[in-house]
Amino acid sequence: MKKDHFTSTWLALREPYDILSRNKNLKKFIRQSDRILDIGAGTGAFSRWCLANNIFFENMMLLDHDQRLLNNTQRITSRFCKNRKLIIKKVSKKEFKVEDPVSNLTFGFKTLNKDLSLSINLINNFDVLSMSALIDLLSFNYLKKLFNKIKCDKVIAMTLCFNGKINWNDKNSYDKYIVNEFNREQQSIKAGDISLGYRSIDKVKQLSKKKKFKITIYDSSWRLLSNTDDNKNFHHKYLETLYKPLKRNKYTDNKILEKWYISKIKLINSGSLETRVGHNDIIIET
Ligand SMILES: C[S@@+](CC[C@H](N)C(=O)[O-])C[C@H]1O[C@@H](n2cnc3c(N)ncnc32)[C@H](O)[C@@H]1O
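Throughout what follows, the structure given in this document is the object of discussion. In this text the structure is predicted, and so the values were computed from the model without any measurement. (Residues numbered from 1 in each chain as written. Predicted model: local features only at pLDDT ≥ 70, side-chain atom pairs only at ≥ 80, totals over all residues. Heavy atoms only, no water.)

1. Topic: the pairing of strand S2 (residues 59–64)
Definition in use: With a 1.4 Å probe rolled over the protein chains alone, any residue whose accessible area is under 20% of its type maximum counts as buried; one over 50% counts as exposed, and the rest are partly exposed. Helical segments are the DSSP runs of H or I of at least four residues, strand segments are the runs of E of at least two, and each set is numbered from the N terminus. We treat two strands as partners when DSSP finds at least two bridges between them.
Within S2, five of the six residues are buried, which leaves the element mostly enclosed by the surrounding structure. Sheet topology places strand S1 (residues 35–39) next to S2; five bridges connect them, and they run parallel. Bridge pairing in S2 links Asp-38 to Leu-62. Pairing geometry for S2 and strand S5 (residues 106–113), over five bridges, is parallel. Residue pairing for S5: Met-61 is matched across the bridge by Lys-110.

Structure follows, in structure tokens:
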């Protein structure tokens, strides 16, 4: 698949919002001590959500096709551990451990620089698969392979799955047009495969039904505010993730896009804009 580039800066900005948004019920399904493969791991934000929730895995494999993001994992996790009195130990360039001196639990990490298309051959070596903020980038082809290959008694945790719904407290007559354009843009061709965008959720439901896997879906939407400098900054950055791809897209009416964007910027700066970005956490028990 073609590379989708995400910067460490963007992933670091969204991490606090993701930590708050992942549904509390996930803890019932994601058990400690299992072997887990985090597909499209980025800088390992999902593993830090696990640590924040006291969920320790003996072995977590962080798979991503972007080596630069994987290279930042130890440093970012180290900072996270310092604030929580957890001890981090480097094993090698690609491997480290986190220890909790109070509970004596250990969390083991390894990084793997691979395209996710190559993860299919690995999945049955793990008890849990996790994919965070990823499934909208996947193709139906990949999902079919995953569902066909995976064995019984596994848990697949797909968290922060974008569901295509974006709503604002202060409505604009172009909101619907912009959201439709963005959702269309997301379903673009990547190396011959079409990424599914928000439709990935329906495909996952269909495949789970076909395979008779149990599927449970929770809400994990972002609620973005404009009341502090940090919230304003993140809100601006989020708006850019809608604006920039549409600006490049020859189908989107540029005049409408500019008008819409400027009106949202003004509302963020005035401190009044609230945006709800629809996400779901999905648990599949095979
Ligand atoms: C939105 S980011 C989410 C990162 C991380 N899971 C998180 O929650 O912060 C999507 C991640 O998927 C990775 N990715 C996208 N396409 C990929 C592919 N074909 N193979 C492996 N990783 C991929 C990107 O490099 C990026 O790290």
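2. Looking at the nonpolar core
Note the threshold: In plain words, nonpolar cores are sets of buried Ala, Val, Leu, Ile, Met, Phe, Trp, Tyr and Cys residues tied together by side-chain atoms within 4.5 Å. The contact definition used throughout considers only heavy atoms, calling two residues in contact when any of these lie within 4.5 Å.
In this structure, Met-131, Ile-135, Leu-143, Leu-146 and Met-158 are the most contacted members of the largest nonpolar core, which totals 30 residues. When residues of this core are traced back to their parent elements, those giving at least two are S1, S2, strand S6 (128–132), helix H5 (140–149), strand S7 (155–168), helix H7 (200–211) and strand S12 (275–285). Here this core takes four residues from H5, the largest share from any one element. When near neighbours in sequence (up to four residues on either side) are disregarded, Leu-143 contacts Leu-138, Met-158, Leu-196, Ser-200, Lys-203, Val-204 and Leu-207. Listed in part, the 27 residues of the second largest apolar core include Ile-36, Cys-50, Phe-80 and Val-98.

3. With respect to the side chain of Asn-23
Put simply, the rule reads: In protein, a polar contact requires one atom able to donate a hydrogen and another able to accept it; more generally it is a pair of N or O atoms within 3.5 Å, and residues adjacent in sequence count only if both atoms are side-chain atoms.
Take Asn-23: it is sitting in the loop between helix H1 (8–21) and S1. One polar contact links the side chain of Asn-23 to the main-chain amide nitrogen of Asn-25, over a distance of 2.9 Å. Apart from the residues within four sequence positions on either side, Asn-23 is in contact with Trp-49, Tyr-218, Asp-219, Ser-220 and Asp-281.

4. Here's the deal with the site of the ligand
Here is the rule we go by: Nearness is judged by heavy atoms alone; a residue qualifies as near a molecule or strand once a single heavy atom is within 4 Å of it. Computed by Shrake-Rupley with a 1.4 Å probe, the accessible areas treat only the displayed protein chains as cover when residues are assessed.
Near the ligand, the surroundings consist of 19 residues, among which Gly-40, Asp-64, Asp-115, Leu-116 and Ser-132 are the closest. A distance of 2.8 Å separates a nitrogen atom of the ligand from a polar backbone atom of Leu-116. One of the backbone nitrogen or oxygen atoms of Ser-132 is found 2.9 Å away from a nitrogen atom of the ligand. Calculation on the ligand without its partners gives an accessible area of 590 Å², and the protein chains cover 99% of this total.

5. Remarks on helix H6 (residues 175–186)
Going by this rule: One less than the number of residues in a helix, times 1.5 Å, gives the span that helix is expected to have.
Over its twelve residues, H6 extends 17 Å from the first C-alpha to the last, a length consistent with the 16 Å expected when each residue adds 1.5 Å. Those residues of H6 that are buried are in contact with S7, helix H8 (229–248) and helix H9 (254–269).

6. Examining unusual backbone geometry
Positive phi, normally seen in glycine, also occurs at Asn-54, with a value near 60°. Among the residues examined, Asn-54 registers a relative accessible area of 48% and is labelled partly exposed. For Lys-212, which is not a glycine, the phi torsion comes out positive at approximately 60°. Its place among the elements puts Lys-212 in the loop between H7 and strand S10 (214–219). Given the relative accessible area of 75%, Lys-212 is considered exposed.

7. Describing the packing of H5 against H7
Test applied: The axes are straight lines fitted to the C-alpha atoms, using for helices just the contacting stretch, and the angles between their N-to-C directions are given from 0 to 180°. Oblique is the label for any angle not under 35 degrees, not over 145, and not in the 65 to 115 range, which are roughly parallel, roughly antiparallel and roughly perpendicular in turn. The crossing is said to be left-handed when, going from far helix to near helix, the turn is anticlockwise and less than a right angle, and right-handed when the turn is clockwise. Put simply, Ala, Val, Leu, Ile, Met, Phe, Trp, Tyr, Cys and Pro go in the nonpolar bin, Asp, Glu, Lys and Arg in the charged bin, and everything else, Gly too, in the polar bin.
Axis separation between H5 and H7 bottoms out at 10 Å; the angle between their running directions is 25°. When the axis of H5 is compared with that of H7, the two are roughly parallel. By crossing handedness, the relation of H5 to H7 is classed as right-handed. Mapping the contact onto sequence places Phe-140, Leu-143, Lys-144, Phe-147 and Asn-148 in H5 and Ser-200, Lys-203, Val-204, Leu-207, Ser-208 and Lys-211 in H7. Counted by class, the contact of H5 with H7 contains five nonpolar, three polar and three charged residues.

8. Topic: the packing of aromatic side chains
As a reminder, the rule being used: Think of it this way: a Phe, Tyr or Trp ring, Trp meaning its six-membered ring, pairs with another when their centres are within 6.5 Å, and the plane angle makes it stacked under 30 degrees, edge-to-face over 60, tilted otherwise.
The tally for this structure, following the rule as stated, stands at 14 aromatic pairs. Ring centres 5.3 Å apart and planes at 10° place the aromatic pair Trp-10 and Phe-234 in the stacked group. Of this pair, Trp-10 sits in helix H1 while Phe-234 sits in helix H8, and the two are 224 residues apart along the sequence. A relative accessible area of 13% means that Trp-10 is categorised as buried.

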